[in-house]
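# Structural features, examined
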Amino acid sequence: MKEKIENLRSEIELAMEKTATGTELYQLKLKFQAELKTIMGGMKDLPKEEKPAFGKIVNEFKQAMEEKFELRAIVVREKEMQAKYEKERIDISMPGKNRKNGALHPITLVKNELIDIFAGMGFKVFEGPEIETDYYNFTALNTPKDHPARDMQDTFYLAENLLLRTQTSAGQIRVMEKQSPPIKILSPGRVFRSDDDATHSPMFHQMEGLVVDKGITLCDLQGMLAEFARKMFSETTKVRLRPSYFPFTEPSVEVDLSCSECGGKGCRLCKGTGWIEVLGAGMVNRHVLENCGVNPDEYTGFAFGMGVERIAMLKYGINNIKTLFENDIRFISQFE
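The notes below deal with the structure included here. (Residues numbered from 1 in each chain as written. Predicted model: local features only at pLDDT ≥ 70, side-chain atom pairs only at ≥ 80, totals over all residues. Heavy atoms only, no water.)

## Some points on helix 6 (residues 169-178)
For clarity, the threshold we go by: Only protein chains enter the accessibility calculation, which uses a 1.4 Å probe; a residue whose area is less than 20% of its type maximum is buried, one above 50% is exposed, and one in between is partly exposed. In this description a helix means any DSSP run of H or I spanning at least four residues, a strand means any run of E spanning at least two, and both kinds are numbered starting from the N terminus. Residue contacts follow a heavy-atom distance rule, with two residues in contact if any of their heavy atoms lie within 4.5 Å.
Counted residue by residue, helix 6 has seven buried out of ten residues, so it is predominantly covered. Among all positions in helix 6, only Ser169, Ala170, Gly171, Gln172, Ile173, Val175 and Met176 are buried. In this structure, the buried residues of helix 6 make contact with strand 2 (131-133), helix 5 (134-137), strand 4 (183-192), strand 5 (203-213), helix 8 (286-291) and strand 9 (300-307).

## Concerning helix 4 (residues 106-119)
For the record, the criterion: Residue count minus one, scaled by 1.5 Å, sets the expected span of a helix. To obtain the arc, one takes the directions from the helix axis to the C-beta atoms.
Taking 1.5 Å per residue as the helical rise, helix 4 with its 14 residues ought to reach 20 Å, and the 20 Å between its terminal C-alpha atoms agrees with that figure. Among all positions of helix 4, only Pro106, Ile107, Val110, Leu114, Ile117 and Phe118 are buried. Projected onto a plane normal to the axis of helix 4, the buried residues spread over an arc of 100° and lie on a single side. Where helix 4 is buried, its residues contact strand 4, strand 5, helix 7 (218-232), strand 9, helix 9 (308-316) and helix 10 (329-332).

## Description of the packing of aromatic side chains
Applicable threshold: Think of it this way: a Phe, Tyr or Trp ring, Trp meaning its six-membered ring, pairs with another when their centres are within 6.5 Å, and the plane angle makes it stacked under 30 degrees, edge-to-face over 60, tilted otherwise. Placement of a positive charge over a ring is assigned whenever Lys NZ or Arg CZ falls within 6 Å of the ring centre and within 35 degrees of the normal to the ring plane.
Tallying each qualifying case throughout the model produces ten aromatic pairs. Residues Phe32 and Phe61 carry aromatic rings whose centres are separated by 5.6 Å and whose planes lie at 70° to one another, so their mutual orientation is edge-to-face. Of this pair, Phe32 sits in helix 2 (residues 22-41) while Phe61 sits in helix 3 (residues 51-87), and the two are 29 residues apart along the sequence. The exposure class of Phe32 is buried, given its relative accessible area of 2%. Under the relative-accessibility criterion, Phe61 is labelled buried at 2%. Residue placement shows Arg174 over the ring face of Tyr136; its charged tip is 4.1 Å from the ring centre.

Structural data, given as structure tokens:
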């Protein structure tokens, strides 16, 4: 039995010196424990008077080998760390890589600025779903079945009663259904229309606002838009309202701003008029208020909607809307 112990000692010590990783050392220790257990199992065949002495020898051998395993583990860990450090070494003499800071997209910049401007006037942000029902996108907004806006050429229908929203006004209906006046919300988001040219895109971003309370008039709308124009463009920017028509507002107006390029004198950008159309607005139609359970004899309101891309194009002098969607890093880097 003593001979078996000495043979096992020699075998394990020799193998231990060859271990290079913690995994190899762990596997060797398992082998040692298994063979030692086999040796200890042979104690039953020894005479009774020899068992205590042999048990002492086995325990001393086991303790001595465990200490050697611990010392070897320290050496192996040190070698592994040195190998890891060598592998991860960085040559600080090599030239560094220049990683430029990113820049927010102009649409994001304008969207954030619009939210800041109107939040400063007490508006809260509400974002509705991009897939809408016919009711919220058209019917509740006083758009009859035969209105041109329902034509398949203008709207992307997903099913008979489901479509990609053509305006974020649908979110205003959802708010008025659940919230009693006073209401003052801003509804930003993506909208979709079947339209594509230098100034239009099938997908674009809108920012619509709604105010409903007692005593709201068209003068309140004009004053708010004047404040928006001054903060978004310049203190000298003027606002002009022209009569128009939208099914969900009455009266309805087209809103023009004095040309930021020529200051209203007339140039190529404004086609010599001195004015640029930027958004549509008006007083909320009585039927829209009634559809949402709001008493039009007690409350009035105004609504407005603008294309974020259009504002960005005017603010930054961008002449083609497609530039905003091409993801050209040379274009984006100009807005750092």
